[in-house]
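# Close look at the chain arrangement
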Amino acid sequence: MPDLANAKQPGQKVDLPTERVESSIPRDGSEKWEYPSPQQFYNALVRKGWETPEDSIEVMVDIHNFLNEQAWQEVLKWEKRQYDGNDLQLTRLRGRPGELSPKARLHMLAGWLFPSRFTHEPPFDRHDWVVRRPKTGEEVRYVIDYYSAPPEADGSPVFSLDVRPALDSFGSVKERIAVATEEAWASLREKENTPRREPRN
């Protein structure tokens, strides 16, 4: 999403598209965020020192854009619990790869202690998004952890997102507790409603 150089890298063999795609995520009242072009995406990876095959960049950009669209939908679900409006804006964002959130650390610890129930693999990326509520002027920070999941049978990649408001305010703490409680009760009811198989004599 940031402004990045759109020129080819020295020695680059594949011509990558330079057009940017507009997202569905509002930046302010009139504009939406634009995703990096494949060339900009590749330039960012080169700048960070990450070796990536040039012919894989366009697929990577498609996945990147898809995951961020899904992350925004998860943010909207959280926001509907507290904010009565359809004018939410993503005012700023920060990529924090390599920085584990407290929840990600907890999940990794659970994976080491209970490997049959949890994974100890860290998220492959983290974003912090700040959402503005225009009607009230409030800003809420969201933490997004991006995880890889086991691929489909045909080899298609699978990803998992953990999107939640950061524990920066009493309102966010309350919502995190409320959602965790609702999920726990839903899981308990599902177990109670699951038919039990009677042992054969």
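See the structure printed just above.
Read on for an overview of the structure. Keep in mind that what you see is a predicted model, and the values were worked out from it rather than measured.

As a further point, take helix α3 (residues 102-113). Taking 1.5 Å per residue as the helical rise, α3 with its twelve residues ought to reach 16 Å, and the 17 Å between its terminal C-alpha atoms agrees with that figure. Where α3 is buried, its residues contact β5 (138-149) and β6 (158-165).

All right, on to the nonpolar core then. Among the nonpolar cores identified, the biggest contains 19 residues, and Ile25, Trp72, Val75, Leu90, Trp129, Val131 and Tyr142 are the most heavily contacted of them. At the level of secondary structure, the elements contributing two or more residues to this core comprise α2 (57-80), β4 (125-133) and β5. With five residues, α2 is the single largest residue contributor to this core. Core analysis: the next-biggest nonpolar cluster, separate from the first, contains six residues, Leu16, Tyr42, Leu45 and Ile57 among them.

Put simply, helix α1 (residues 38-48) and α2 touch, their axes get as near as 9 Å, and they point 95° apart. With respect to each other, α1 and α2 are oriented roughly perpendicular. Judged by residue contacts, Pro38, Phe41, Tyr42 and Leu45 of α1 engage Ile57, Glu58, Met60, Val61 and His64 from α2. Within the contact of α1 with α2, the residues separate by chemical class into seven nonpolar, one polar and one charged.

What follows covers the packing of aromatic side chains. Scanning all chains against the criterion turns up two aromatic pairs. Ring centres 6.2 Å apart and planes at 50° place the aromatic pair Phe124 and Tyr146 in the tilted group. You can see Phe124 sitting in the loop between α3 and β4 and its partner Tyr146 sitting in strand β5, a full 22 residues away along the chain. Residue classification places Phe124 among the partly exposed positions, given a relative accessible area of 40%. With centroids separated by 5.7 Å and ring planes inclined at 65°, the aromatic side chains of Phe124 and Phe159 adopt a geometry described as edge-to-face. Here Phe159 lies in strand β6 and Phe124 lies in the loop between α3 and β4, a separation of 35 residues in the sequence. Aromatic rings pair up to connect Phe124, Tyr146 and Phe159 into one cluster.

We now examine the pairing of strand β1 (residues 22-26). Direction of pairing for β1 relative to strand β2 (residues 32-34): antiparallel, over a ladder of two bridges. Looking across to β2, one finds that Pro26 is bridged to Lys32. Here β1 folds back onto β2, and the loop between the two strands holds five residues.

The next subject is the sheet that holds β6. Taking strand neighbours across the sheet as the criterion, the four strands line up as β3-β4-β5-β6 in an open arrangement whose pairing is antiparallel. Strand pairing shows two members of the sheet lacking a second neighbour, β3 (89-95) and β6, which therefore form its edges. The average undirected angle you get between the axes of adjacent strands in this sheet is 25°. Across the sheet, α2 is in contact with β3, β4, β5 and β6; its angle to β6 comes to roughly 35°.

Basis of the calculations
- Residues numbered from 1 in each chain as written.
- Predicted model: local features only at pLDDT ≥ 70, side-chain atom pairs only at ≥ 80, totals over all residues.
- Heavy atoms only, no water.
- Helix = DSSP H or I, 4+ residues; strand = E, 2+ residues; numbered from the N terminus.
- Expected span 1.5 Å × (residues − 1).
- Contact = heavy atoms within 4.5 Å.
- Core = buried A, V, L, I, M, F, W, Y, C linked by side-chain atoms within 4.5 Å.
- Buried < 20%, exposed > 50% of the residue type's maximum accessible area, 1.4 Å probe, protein only.
- Axes fitted to C-alpha atoms, helices over the stretch in contact; angles between N-to-C directions.
- Parallel < 35°, antiparallel > 145°, perpendicular 65-115°, else oblique.
- Nonpolar A, V, L, I, M, F, W, Y, C, P; charged D, E, K, R; others polar.
- Phe/Tyr/Trp six-rings, centres within 6.5 Å; stacked < 30°, edge-to-face > 60°.
- Pairing = 2+ DSSP bridges.

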